[in-house]
Amino acid sequence: MDRPIRVLVAKPGLDRHDRGAKVLARAYRDAGFEVIYTGLDRSPEEIAEMAIQEDVDVVALSILSGAHDVLVPKVIRLCREAGADDVLFLAGGIIPDEDRPRLTEAGVAGVFGPGSDLDEIIRFTRENVRRKVPR
Amino acid sequence: MAKAEVQRPGTGPGEPDSERREEFRTLSGLPVARVYRPQDVADLDYERDLGDPGQFPFTRGPYATMYRGRLWTMRQFAGFGTAEESNARYKYLLEHGQTGLSVAFDFPTLLGYDSDHPRSEGEVGKDGVAIDTLADMETLFDGIPLDQVTTSMTINSPAAILFAMYLAVAEKQGVAWDRISGTIQNDILKEYTAQKTYIFPPRPSMRLITDVFGFCSRHVPRWNTISISGYHIREAGATAVQELAFTLADGFEYVKAGIEAGLDVDSFVPRLSFFWDIHMDFFEEIAKLRAARRIWARELRERFGARDPRSWAMRFHCQTAGCSLTAQQPENNVVRVTLQALAAVLGGTQSLHTNSMDEALALPTEKAVRIALRTQQIIAEESGVPNTIDPLAGSYFVEALTDTMEAQAYEYFRRIEQQGGVIPAIENGFFAREIAEASYRHQLALKRGDVTVVGVNKYVQEDEAPQPILRIDPGIEKKQVERLRRVKAERDNARVERCLKELAAAARGTENLMPYILEAVRAYASEGEIVGALKDVFGVYREEPIY
Amino acid sequence: MSLADSVLAGDRRAVARAITLVENGTPEGLALLRAIYARTGRAHVIGVTGPPGVGKSTLVDAVATAVRRDGQTVGVIAVDPTSPFSGGAFLGDRVRMQRGVVDPGVFIRSLATRGRLGGLSAAARDVIHVLDASGRDVILVETVGAGQAEVEVMELAHTTVVVLAPGLGDEIQAIKAGILEIGDVFVVNKADREGADRAVAELRFMIDMGRWREGAPGPWLRPDEVKAGHEPGAVSTGVRAGGTGAAAGGGGAPGDGTGAGPAGWTPPVIKTVARDGEGVGELVEAFRAHRWHLARTGGLEARRQRDAEAEVREVLLARLVAAIAGDERIQRLHGDLVRRVAARELDPHSAAEALLEAVRTERS
């Protein structure tokens, strides 16, 4: 049996708009993923620490406050510094097109804006998980 | 409505009896019949259920003249960056015919963090204006005489503090408190159920609110002390019925809290106002607003024994639904907003914010804000819609839908009561569960195509040109932190410390806290410092996760 | 440095990766367990269970904080159910845990129940081994006290705490779930709510009743006699006896220091308000007292024997099942034998004999 993919759905920053994060968490669960949700109001340090301890395959960051330009790269940097270099990073929320290249450069593999199809996010996640899923 | 459903009319000659869908429903899932007839509203009694505008039960509107007397207040929510920049935006909007101000604060301000707090990193001035001390508030309203505008402030958990800053600015401008008017949102209950910008646990939060009620009834008589908000409940994924029911339930809870705090019901209830979200389903939204006024009037008169008609008449602000905006083909949002604004006006709103077309992407640009404001002006001055009051009254469909909304709201009141009331229902996660469930169902309906969103799941356009968006200068954070540092260096720190100590001591007792908060604000204590003093006494709230 | 060395050195990234390997039963995971096993067996393992909504996670968080204050390190294993429909799971514990500063002295890992070969308890045991070897002084294992699998996980603990809260009818639920019998310590959390004192009184009464019923040689010993120290010899609760079969296998020796009634141990009932940290110090003291009690009465040694036996048996069974599942010929034989047993052409003992023989010849 393949082991389930483990994903951390994270809410960095101070915005409390967790509707998207919760819907995504539920969709991942229904698609057979093991989902860890950080809850609201998490600092980049806390998110990185959870990603390390839970040894997740994916970190999906949802942020709607506009602070993505600062917080998302910081989470990725902290994860990598702690040795989690094979994690798939996704970002969602209100992220203007022109900010995408900078996030991609920072290590985000996929950016999903408002109105993204949940199935598409799940398909993308499955296809791009970087760690091989051992039997 | 169920009655109408079973009585399908016969087909006309040569006309096939087939419809596009198996069943038709409102956006919130209420069934809609092919046609409505007199028997669907057979029980409707004009005097009892509608009444003239300005008459009990106020279904048709809170005032006798409505828009023939005065148009609704066009109030565009705005705020970003530093106080200087927001001040410039306010002046721009006032010059363009806006009639009221509406302040958006950034996340650190909403949550009681100063701009120099580590958690504020990357957030300062991003989603609203950054306010740390009275000095920022003075700048925000520089050159805007507070007796000549009405100001709405979207602030909840730390509402008493920001309101105290506003009162202190009025003092400095030489404007008496009984001459200022406006609204603070101050609605903590919906924070626990939907918006989540809470700081303290529910019970001490309720005390801060009743302290504001009591203070204003004595000193700031024209101020709307709370804006009981369905908006955020809806934006969190609730249906129109849930928005109606949960918001009214919150409203009744505040009335109870005021009475329990020893206030006379008619001394504070006339200053309570409401705030609704206006979504895409045109008639459903109108019915919701009409039902809301009727339920409020009846409950206040019959359950709470209010005698002043101003306590019965519900007044409210509306905002077009942010969650209905699409990032795809954003120009289409202008049309969405127009329909929503029209529904709000037909529903008899007292003030209105129309969203800008680019808000699904970022903060609105000046041009987008102007179009949104012009949308209201066109409805007000070109369409003829405001010329008569509640023109949809008597419509078989609208009246039947109003009844249905009301009945469903009462069903929710019953379920909330079963759990011991609003606060126990918050604590056991009832609201969050109901909303999460509705939100997920809506998402699935979108996915299946049961609900259409043009440009998102139908009529999709590839290769869209990127839209110009408003960018917040990343240098703002540094500037604001520097400003705060300067204020802290220049103020009398011993006085600040004394004020905070006195505030904490009062918080441990039962006194009204407003005078203490005012003293701290006048001494230029920062928002973060004041919140910190209260946190030490009240503790902080954490939610249980519900998906 | 090898992964095992890094785990022994307490490196969090290595510990996290090692847990993934053992959780998934990979060959690397087995090799790792071999390498670290000698360094396990030192941590105090505390099981925390109770119905949903009583505030277990908040309590675990508060206990972790209290233990940290005393300078000890903490590992937390939070078990959440896997959805039988999708195979996915919400591991929701994080939301309430570890707020504010990141403390390297606390390591939290979420574990989904999954449909595990060898059972949930085997996987949980291996995760405990990794945390234990990494030098954690206290390991808290948290489960929703719902099913047999969770009860088995609780049996891995030296000290089991059953958490309830006033006003939820938990006492009844607890009895139904069979978790009343396994508590060494009881907590009434959310004790600032109405009905806390009544809940404590009811619990005390039920604990006494339970001990009277199960502990006594006959149904004639009164609760006050039990309190006075008339402890019966054989203490073996229904759950334990019927559980993994450990007790029936001989490991559940008299006074083995587990369950609701090791000699001389009266489960305390402690009131807490985990949110505010109230009563948590007292709770931590009770954990230590229970461990000290086990050590003093020989209970620790007894259960070390029992655990070893259970563990070997679990692993053996898991390996056997894996050997059958992993070999096509044996699997075919297995299917064939099962059919014949069903048709009453063969008895199950002979079928098992034939399978064992097949595994044996396959190996050689």
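Every value quoted in this text rests on a predicted model; they were computed, and no experiment measured them.

The rules we used
- Residues numbered from 1 in each chain as written.
- Chains lettered and ligands numbered in written order.
- Predicted model: local features only at pLDDT ≥ 70, side-chain atom pairs only at ≥ 80, totals over all residues.
- Heavy atoms only, no water.
- Helix = DSSP H or I, 4+ residues; strand = E, 2+ residues; numbered from the N terminus.
- Buried < 20%, exposed > 50% of the residue type's maximum accessible area, 1.4 Å probe, protein only.
- Contact = heavy atoms within 4.5 Å.
- Areas by Shrake-Rupley, 256 points an atom, 1.4 Å probe, with all protein chains shown as cover.
- Buried area = accessible area lost by both parts, 1.4 Å probe.
- Salt bridge = Lys/Arg side-chain N within 4 Å of Asp/Glu carboxyl O.
- Polar contact = N/O pair within 3.5 Å; in protein donor to acceptor, adjacent residues only side chain to side chain.
- Nonpolar A, V, L, I, M, F, W, Y, C, P; charged D, E, K, R; others polar.
- Core = buried A, V, L, I, M, F, W, Y, C linked by side-chain atoms within 4.5 Å.
- Expected span 1.5 Å × (residues − 1).
- Pairing = 2+ DSSP bridges.
- Right-handed = clockwise from strand over helix to strand, strands pointing away.
- Axes fitted to C-alpha atoms, helices over the stretch in contact; angles between N-to-C directions.
- pLDDT = per-residue confidence, 0-100.

A. Looking closely at the overall build of chain C. Along chain C, the regular secondary structure elements total 14 helices and eight strands. Out of the 364 residues in chain C, the part that is buried amounts to 53%. In chain C, once contacts between residues fewer than 6 apart in sequence are set aside, the share between residues at least 24 apart is 75%. Of the roughly 16,000 Å² that chain C leaves accessible, carbon and sulfur atoms contribute 57%.

B. Examining the interface of chain B and chain A more closely. With 41 residues of chain B in contact, the opposing surface of chain A contributes 36 residues. Taken over both partners, the interface formed by chain B and chain A buries close to 3,200 Å², and the fraction arising from carbon and sulfur atoms is 50%. Our count for the contact surface shared by chain B and chain A stands at six salt bridges. As a salt-bridge pair, Lys447(B) and Asp119(A) come within 3.1 Å of each other at their nearest N and O atoms. Counting across the interface, chain B meets chain A through 13 residue pairs in polar contact (both at pLDDT 80 or more). When residues of the side of chain B that touches chain A are traced back to their parent elements, those giving at least two are helix 4 (107-110), helix 9 (231-235) and helix 18 (430-448) of chain B. Top contributing element to the side of chain B that touches chain A by residue count: helix 18 of chain B, with seven residues. Considering only residue class, the side of chain B that touches chain A consists of 18 nonpolar, ten polar and 13 charged.

C. Quick look at the environment of Ser134(C). Residues and elements named next belong to chain C. Inspection of the secondary structure assignment puts serine 134 in the loop between helix 5 (119-133) and strand 5 (138-144). We classify serine 134 as buried; its relative accessible area is 10%. Taking C-alpha positions, serine 134 is 7.1 Å from valine 15, a pair spaced 119 residues apart along the chain. Setting aside residues no more than four positions away along its own chain, serine 134 makes contact with Val7, Gly10 and Val15. In this structure the side chain of serine 134 is engaged in a polar contact, spanning 2.7 Å, whose partner is the backbone oxygen of leucine 131.

D. Main features of the pattern of salt bridges. Applying the stated criterion across every chain, the model contains 79 salt bridges over all chains. In this structure, Asp49(B) engages Arg298(B) in a salt bridge whose closest nitrogen and oxygen atoms are separated by 2.7 Å. In this pair, Asp49(B) is assigned in helix 2 (residues 46-50) and Arg298(B) in helix 12 (residues 282-303), connecting sequence segments 249 residues apart. The exposure classification of Asp49(B) matches that of Arg298(B), with both residues buried. Of the charged contacts in the structure, one is a salt bridge between Arg415(B) and Glu434(B), with a shortest N-O distance of 2.9 Å. With Arg415(B) in helix 16 (residues 396-418) and Glu434(B) in helix 18, this pair connects stretches of sequence that are 19 residues apart. Under the relative-accessibility criterion, Glu434(B) is labelled buried at 18%. Through salt bridges with shared partners, a single network forms among Arg6(A), Glu34(A), Glu54(A), Glu23(C), Arg109(C) and Arg114(C).

E. Representation of the environment of Pro51(C). By the secondary structure assignment, Pro51(C) is in the loop between strand 1 (44-50) and helix 4 (56-69). Overall, Pro51(C) belongs to the buried group, its relative accessible area being 4%.

F. Structural context of the interface of chain A and chain C. Listed by partner, the interface residues are 33 residues for chain A and 29 residues for chain C. Together, the buried faces of chain A and chain C total about 2,700 Å²; carbon and sulfur atoms form 47% of this surface. Linking chain A with chain C are seven salt bridges, by the criterion used here. Where Arg17(C) meets Asp86(A), a salt bridge forms, and the shortest distance between an N and an O atom there is 3.5 Å. On inspection of chain A and its partner chain C, the count reaches 16 residue pairs in polar contact (both at pLDDT 80 or more).

G. Fine view of the side chain of Ser65(A). Along the chain, the position of Ser65(A) falls in the loop between strand 3 (58-63) and helix 3 (68-81). Only 3.2 Å separates the side chain of Ser65(A) from the backbone nitrogen of Ala67(A), close enough to count as a polar contact. Filtering out sequence-adjacent residues up to four positions away, Ser65(A) remains in contact with Asp15(A), Phe107(B), Glu123(B), Lys126(B) and Asp127(B).

H. Representation of the nonpolar core. Grouped together as the largest cluster of nonpolar side chains are 111 residues, with contacts concentrated most on Tyr28(A), Trp296(B) and Leu300(B). The element best represented in this core is helix 10 (residues 240-260) of chain B, accounting for eleven residues. With residues near it in sequence (within four places) discarded, Tyr28(A) still touches Val7(A), Val9(A), Phe33(A), Val35(A), Leu90(A), Ile121(A), Ile122(A) and Thr125(A). Membership of the second largest hydrophobic core comes to 71 residues, among which are Val103(B), Ala160(B), Leu167(B) and Leu518(B).

I. Structural view of helix 22 (residues 527-538) of chain B. All names here are of chain B. Over its twelve residues, helix 22 extends 16 Å from the first C-alpha to the last, a length consistent with the 16 Å expected when each residue adds 1.5 Å. For helix 22, the set of buried residues is Glu527, Gly528, Ile530, Val531, Ala533, Leu534 and Phe538. Those residues of helix 22 hidden inside the fold are in contact with helix 4, helix 6 (159-173), helix 8 (202-219), helix 20 (493-508) and helix 21 (514-522). In the stretch just after helix 22, glycine 539 is the one whose phi turns positive, near 80°.

J. Broad picture of the pairing of strand 5 (residues 108-112) of chain A. All names here are of chain A. Along strand 5, four of the five residues are buried, which leaves the element largely enclosed by surrounding structure. One ladder, built from four bridges, connects strand 4 (residues 88-93) with strand 5; its direction is parallel. Note that in strand 5 the partner of alanine 91 across the bridge is valine 111. On the question of chirality, the crossover connecting strand 4 to the parallel strand 5 by way of helix 4 (residues 100-106) is right-handed.

K. Expanded view of the sheet that holds strand 6 (residues 181-184) of chain B. All names here are of chain B. Within the open sheet, the nine strands sit side by side as 7-6-5-4-3-11-10-9-8. Their pairing is parallel. For this open sheet the edge positions go to strand 7 (223-224) and strand 8 (226-229), each flanked by a neighbour on one side alone. Across the sheet, helix 10 touches strand 8 and strand 9 (272-278), and the angle it forms with strand 9 is around 170°.

L. Seen up close, the sheet that holds strand 2 (residues 34-37) of chain A. Strand order across the open sheet formed by six strands is 5(A)-4(A)-3(A)-1(A)-2(A)-3(C), with parallel pairing between neighbours. Since the sheet does not close on itself, it has two edges, and those belong to strand 5 of chain A together with strand 3 (89-91) of chain C, each with one partner. Neighbour-to-neighbour, the strand axes of this sheet turn through a mean angle of 20°, independent of strand direction. On the sheet, helix 3 of chain A packs against strand 3, strand 4 and strand 5 of chain A and is oriented at approximately 160° with respect to strand 3 of chain A.

M. A look at the confidence of the model for chain C. All names here are of chain C. In the predicted model, chain C carries a mean pLDDT of 78, and 76% of its residues have values of at least 70. Here helix 10 (residues 238-242) is the element of chain C with the lowest mean pLDDT, 31, and strand 8 (residues 269-271) is the one with the highest, 95. Counted against residues more than four places away or in other chains, residues 212-261, with its pLDDT under 50, gives 78 contacts.

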